[in-house]
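# Tertiary structure, described
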Amino acid sequence: MRPVFKKAAIYAAVISAAIAAEIAIVRLCSDREDGGDGPQVVRWPVMGTVAQMTSRKHVDELEFGELFMRVQASYSRVEQLLSAWNPESELSRLSAAGCTNWTEAASPEVRPCYEAALRLAEESDGAFNPRVGEKLRALGMGRGRYSRFDLGAIAKGFAVDMAAEEVERAMGGRYFSFLLDLGGNLRAVGAGEWRTGVRNPFRGVDASQPEICAVITLVGGESVATSGNYERFVEKDGKRLSHILDGRTGEHVSGIAGVTVVTPREYGAMLADGLSTTLFVLGPEAGAAFLKRFYPLARALWIPDEPASPRIIATSNMAGWLERADWPVSSLR
Ligand code: AMP
Ligand code: MG
């Protein structure tokens, strides 16, 4: 098998060009198109992806800048501890030292992330499996990975929760409305609603397709995460194989193009992230039963990998809640 990162490489090139431009101007750019009342936005590269923080205009630029630095520091801290790609990260060092009891060995601040990963693995009977990195490496998809334990399916969401706490602490009892986005892991922080698009997973192969296929409105405290087969994959005999493996068998998961999960405040962005990967593996029927049993407040949708007749399969609490769905929506449970 030839590991192919063709599309991924193009994305990477585009992203790194964007990142280079961003670094040159890492500036707090306020969107002033609507006469000064538009949101404040900042984007920067971190954790191998792009982070974005948006605020409705309730803070001045100086305070927005200070909050940006806090959020940036949270993400960098998580990266320092949990990166599987950096040989100096705590995760990589523990791995190199032959660690077996990860939760005990890890720094207290990131323990919840290890615990959630292990809990998801147990609840899903191994469909979610943080040790799947070994297999990915064997397949040539984890080259450069320094850890046997892989929190790539959950660490970004965890970082978003840490950053959200920072923002909440700094803002105290004041009114605020932020949207944090770390590589597609979004969390609404504070008051107010944010309309977000569900990305069309088929756009990568057909640029004439619309960029989003449905709209979801997040209210304060809610998070949304997406797992897809369209950004990172390997190609075999012209077929795209996803970077998500079934943790029980080590096989590439096929049949699903994308999964989107919305979680309430009590679950947070970490579980949205972990669940999107778990539900990608489980598929709609088993996935909905899994949610009902362990995470009944989460909402989820699956987009089968059928570009010729795109459709959405949603849990019943998600189906009625989607806006502007371009495709037929069927409801589960
Ligand atoms: P996400 O984009 O959040 O769905 O995370 C995907 C990443 O999680 C992959 O790139 C792998 O590093 C890792 N991964 C792949 N399959 C699994 C699995 N079954 N359980 C846990 N992590 C996985
Ligand atoms: Mg995930």
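Scope of this entry: the structure provided in the associated data block. The shown structure was predicted, so the numbers you read here are calculated from the model rather than taken from an experiment. Counting restarts for each chain: residues are numbered from 1 in the order of the written sequence. Written order determines the labels here, with chains lettered from A and ligands numbered from 1. Under the rules for a predicted model, residues below a pLDDT of 70 receive no local features and side-chain atom pairs below 80 are neither given nor counted, while totals for whole chains, interfaces and linings still include all residues.

Let us now look at the overall build of the protein chain. To qualify as a helix, a DSSP run of H or I must reach at least 4 residues; to qualify as a strand, a run of E must reach at least 2; elements of each kind are numbered from the N terminus. Helix and strand counts for the protein chain stand at nine helices and 14 strands. Counting across all 333 residues of the protein chain, residues that qualify as buried make up 43%. Residue pairs are scored as contacts if the distance between their C-beta atoms, which are placed from the backbone, is within 7 Å. For the protein chain, restricting intrachain contacts to residue pairs at least 6 apart in sequence, the fraction spanning at least 24 positions comes to 60%. Every C-beta atom is placed from the backbone, and the number of other C-beta atoms within 10 Å of a residue's own sets its class: buried at 20 or more, exposed at 12 or fewer, partly exposed in between.

Near, for a residue, is defined by distance from a backbone-placed C-beta atom to a molecule or strand, with 6 Å as the limit that must not be exceeded. In the vicinity of ligand 1 there are 18 residues, among which Gly152, Ala153, Ser227, Gly247 and Thr277 approach most closely. If you list the elements that add at least two residues to the shell around ligand 1, you get α6 (133-138) and α8 (268-294). No other element matches the four residues that α8 contributes to the shell around ligand 1. Throughout, the ten residues Ala, Val, Leu, Ile, Met, Phe, Trp, Tyr, Cys and Pro are labelled nonpolar, Asp, Glu, Lys and Arg are labelled charged, and all others, Gly among them, are labelled polar. Among the residues forming the shell around ligand 1, the class breakdown is eight nonpolar, eight polar and two charged.

In this model helix α7 (residues 155-171) runs 24 Å from its N-terminal to its C-terminal C-alpha over 17 residues, within 8% of the 24 Å that 1.5 Å per residue would give. Taken residue by residue, α7 has Ala155, Lys156, Gly157, Phe158, Ala159, Val160, Asp161, Met162, Ala163, Ala164 and Val167 as its buried positions. Next to the buried residues of α7 lie α2 (61-82), α5 (111-123), β4 (177-182), β5 (185-190), β8 (223-228) and α8. To estimate the expected span of a helix, subtract one from its residue number and multiply by 1.5 Å.

Most often, soluble globular proteins keep nonpolar side chains buried together rather than apart. Linking buried Ala, Val, Leu, Ile, Met, Phe, Trp, Tyr and Cys residues through C-beta atoms within 7 Å yields a set, and such a set is a nonpolar core. Counting residues in each nonpolar core, the largest one holds 89 residues, and the members touching the most others are Cys113, Leu180 and Val261. With 12 residues, the single largest contributor to this core is α8.

This paragraph deals with α5. Along an α-helix, residues three or four positions apart point the same way, because every turn accommodates 3.6 residues. Its 13 residues place the ends of α5 18 Å apart at the C-alpha level, agreeing with the 18 Å of an ideal helix rising 1.5 Å per residue. What α5 keeps buried is the set Cys113, Tyr114, Ala116, Ala117 and Leu120. Projected down its long axis, α5 carries its buried residues within an arc of 165°, all on one side. Residues of α5 that are buried sit in contact with α2, α4 (102-105), α7 and α8. Just downstream of α5 lies Asp125, where phi reads positive at about 55°. Arc definition: directions from the helix axis to the C-beta atoms.

For Glu251, the location among the structural elements is in the loop between β10 (239-242) and β11 (256-263). The exposure class assigned to Glu251 is exposed, which follows from the 12 C-beta atoms found within 10 Å.

It is at 9 Å that the axes of α2 and α7 come closest, and there the two elements cross at 145°. The handedness of the crossing between α2 and α7 comes out as right-handed. When α2 is examined against α7, the residues Leu67, Arg70, Val71, Ser74, Tyr75, Val78 and Leu82 are found in contact with a partner set consisting of Ala155, Phe158, Ala159, Met162, Ala163, Glu166, Val167 and Ala170. Here an axis means a line fitted to C-alpha atoms, over the contact stretch when the element is a helix, while the angle between two N-to-C directions is reported on a 0 to 180 degree scale. Note: crossing handedness is left-handed where the near helix turns anticlockwise from the far helix by less than a right angle, and right-handed where it turns clockwise.

All right, on to the pairing of β5 then. Within β5, five of the six residues are buried, which leaves it mostly tucked inside the rest of the structure. Note on pairing: two strands pair once DSSP finds at least 2 bridges between them. As defined by bridge partners, β4 adjoins β5 across six bridges and the pair is classed as antiparallel. By the bridge assignment, Ser177 is partnered in β5 with Gly190. Connecting β4 to the antiparallel partner β5 that follows it, the hairpin turn spans two residues, and Gly183 within it adopts a positive phi of roughly 55°. Pairing geometry for β5 and β8, over two bridges, is antiparallel. Bridge assignment links Leu186 to a residue of β8, and that residue is Val224.

Attention now moves to the packing of α7 against α8. The geometry of α7 relative to α8 is characterised by a closest axis approach of 6 Å and an angle of 170° between their N-to-C directions. By the angle between their axes, α7 is roughly antiparallel relative to α8. Handedness of the α7/α8 crossing: right-handed. Residues Lys156, Gly157, Phe158, Val160 and Asp161 of α7 touch α8, and the partners they reach there are Gly268, Ala269, Met270, Ala272, Asp273 and Gly274. Of the residues belonging to the contact of α7 with α8, the class tally is five nonpolar, three polar and three charged. Note on terminology: angles under 35 degrees are roughly parallel, angles over 145 are roughly antiparallel, angles of 65 to 115 are roughly perpendicular, and the others are oblique.

We note that Met47 has phi near 50°; this positive angle belongs to a residue other than glycine. Within the secondary structure layout, Met47 lies in the loop between β2 (40-46) and β3 (49-55). Classification of Met47 as partly exposed rests on a count of 19 C-beta atoms within 10 Å. A positive phi angle, near 55°, is found at Asp125, a position not held by glycine. Looking at where Asp125 falls in the secondary structure, it is placed in the loop between α5 and α6. Under the C-beta neighbour-count criterion, Asp125 is labelled partly exposed, with 13 such atoms within 10 Å.

If you trace the backbone, Val42 turns up in strand β2. Owing to 21 C-beta atoms within 10 Å, Val42 belongs among the buried residues under this scheme. Separated by 22 residues in sequence, Val42 and Phe64 place their C-alpha atoms 9.3 Å apart.

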